[in-house]
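Results of the structural survey
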Amino acid sequence: PLSVLDLCSSWVSHYPPAGTGPPLGRVEGLGMNAAELAANPVLTGYKVQDLNRSPALPYADASFDAVTCTVSIDYLVLPPPLPHRLSGSTRTRPPPSAALTMVGRFD
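Just so you know, these numbers come straight off a predicted model, no measurement behind them.

How each quantity is defined
Residues numbered from 1 in each chain as written. Predicted model: local features only at pLDDT ≥ 70, side-chain atom pairs only at ≥ 80, totals over all residues. Heavy atoms only, no water. Helix = DSSP H or I, 4+ residues; strand = E, 2+ residues; numbered from the N terminus. Buried < 20%, exposed > 50% of the residue type's maximum accessible area, 1.4 Å probe, protein only. Contact = heavy atoms within 4.5 Å. Pairing = 2+ DSSP bridges. 1 Å grid on protein atoms, 1.4 Å probe; cavity = no way out; pocket = protein on both sides within 12 Å on 5 of 7 lines; lining within 4 Å. Points joined across faces, edges and corners; volume = space filled by probe spheres on them. Nonpolar A, V, L, I, M, F, W, Y, C, P; charged D, E, K, R; others polar.

1. So, the environment of Leu 5
- Structurally, Leu 5 is set in strand S1 (residues 2-7).
- With relative accessibility at 0%, the residue Leu 5 sits in the buried group.
- In this structure the C-alpha to C-alpha distance between Leu 5 and Phe 64, which are 59 residues apart in sequence, comes to 6.5 Å.
- Those residues in contact with Leu 5, other than ones at most four positions away along the chain, are Tyr 15, Glu 28, Leu 30, Tyr 59, Phe 64, Ala 66, Val 67 and Thr 68.

Spelled out as structure tokens, the structure:
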């Protein structure tokens, strides 16, 4: 099973239903609202942190197989350094590496 960090997480995680995608093991949420994180049924654990005030991720390097950030990257004041910080957090090979897909809402 994959170990995933759901960055800027909330009350919902945008992963396929169990049995329809890759098997997920640990799904850690990192977000700003403890009540919303606690209500997210997908998360196996979570930490509350404002990445705008404290941009260092509270996890050891190579803690996750994948890091996702769905929809909420636009709330980050300084998102450009984000891919560099994430590259050390994943176990992808060869290190450091990261895949970043962004979908913007430009209305």
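2. A look at the pairing of strand S2 (residues 24-31)
- With five bridges joining them, S1 and S2 adopt parallel strand pairing. Directly across from Leu 2, in S2, lies its bridge partner Leu 24.
- Bridging between S2 and strand S3 (residues 45-48) involves four bridges; their strand directions are parallel. If you follow Leu 30 over to S3, its bridge partner there is Lys 47.

3. Topic: the environment of Met 32
- When you line up the elements, Met 32 lands in the loop between S2 and helix H1 (34-38).
- The exposure class assigned to Met 32 is exposed, which follows from its relative accessible area of 56%.
- For the pair formed by Met 32 and Cys 8, sequence separation is 24 residues and the distance between their alpha carbons is 7.3 Å.

4. Points about the layout of surface pockets
- In this model, the second largest pocket occupies a volume close to 340 Å³.
- Residues that form the lining of the second largest pocket fall into these classes: nine nonpolar, nine polar and two charged.

Distances and angles like these do not, on their own, reveal function.
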